[in-house]
Amino acid sequence: IAAVPDIDNPAHRPRGIPGSIPNLLKPPAGCRFHPRCALATDICRGTKPALRDIAPAHRVACHPATP
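These numbers come from a predicted model, not from an experiment.

### Some remarks on the pattern of salt bridges
- Inspection of the entire model under this criterion finds one salt bridge.
- Measuring nitrogen to oxygen at the nearest pair gives 3.6 Å for the salt bridge that ties Arg-45 to Asp-42. With Arg-45 and Asp-42 both in helix H1 (residues 42–46) and three residues apart, the pair spans about one turn of that helix.
- Overall, Arg-45 belongs to the partly exposed group, its relative accessible area being 41%.
- Assessed through its relative accessible area of 65%, Asp-42 is described here as exposed.

As C-alpha cells, this is what we get:
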C-alpha cells in the first residue's frame, strides 16, 4: 500500500517493494510476495492467501496479521 501514490498528500513519496518480481512460470509457494515482503510469516511461505473483501469494491489477498 505504501507504493500507491496519495494525490491528497503531495509530500507522500511512494515506496516500491525491494527485489525482483517472481518467476511467473514457477512462482514461489504460498503468497507470491513473501520473498519480498518485510511482514511475511511462516503461513505466507506455505499457504496462498484467499482473496477477501475489505471494503466495497476493494479486495486483498493477504493473510490477516496476528497479534
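Here the narrative resumes, following the displayed structure.
### Let's talk about the pairing of strand S1 (residues 52–55)
- Pairing geometry for S1 and strand S2 (residues 58–60), over three bridges, is antiparallel. The residue of S2 that forms the bridge with Ala-55 is His-58.
- Between the end of S1 and the start of S2, which pair antiparallel, lie two residues, with Ala-57 showing a positive phi angle near 65°.

### Observations regarding the environment of Ile-17
- Position of Ile-17 relative to the elements: it lies in the segment before H1.
- C-alpha of Ile-17 to C-alpha of Ala-65: the two residues are 48 residues apart in sequence and 19 Å apart in space.
- Beyond its immediate stretch of four places on either side in the chain, Ile-17 contacts Phe-33 and Arg-36.

### Some details on the side chain of His-63
- Structurally, His-63 can be placed in the segment after S2.
- For His-63, a relative accessible area of 17% puts it in the buried group.
- From its side chain, His-63 meets the backbone oxygen of Thr-47 in a polar contact 2.7 Å long.
- Residue contacts for His-63: discarding those within four places in its chain leaves Ile-43, Cys-44, Thr-47, Lys-48, Pro-49 and Arg-52.

### A look at unusual backbone geometry
- Non-glycine residue Ala-57 carries a positive phi angle of around 65°.
- Secondary-structure assignment places Ala-57 in the loop between S1 and S2.

### Looking at the state of the cysteines
- As enumerated under the stated definition, the model contains zero disulfides in all.
- In this model Cys-31 remains outside any disulfide bridge; the closest cysteine sulfur is found in Cys-44, 6.0 Å from its own.
- A relative accessible area of 13% means that Cys-31 is categorised as buried.

The rules behind each value
Residues numbered from 1 in each chain as written. Predicted model: local features only at pLDDT ≥ 70, side-chain atom pairs only at ≥ 80, totals over all residues. Heavy atoms only, no water. Salt bridge = Lys/Arg side-chain N within 4 Å of Asp/Glu carboxyl O. Helix = DSSP H or I, 4+ residues; strand = E, 2+ residues; numbered from the N terminus. Buried < 20%, exposed > 50% of the residue type's maximum accessible area, 1.4 Å probe, protein only. Pairing = 2+ DSSP bridges. Contact = heavy atoms within 4.5 Å. Polar contact = N/O pair within 3.5 Å; in protein donor to acceptor, adjacent residues only side chain to side chain. Disulfide = S-S within 2.5 Å.

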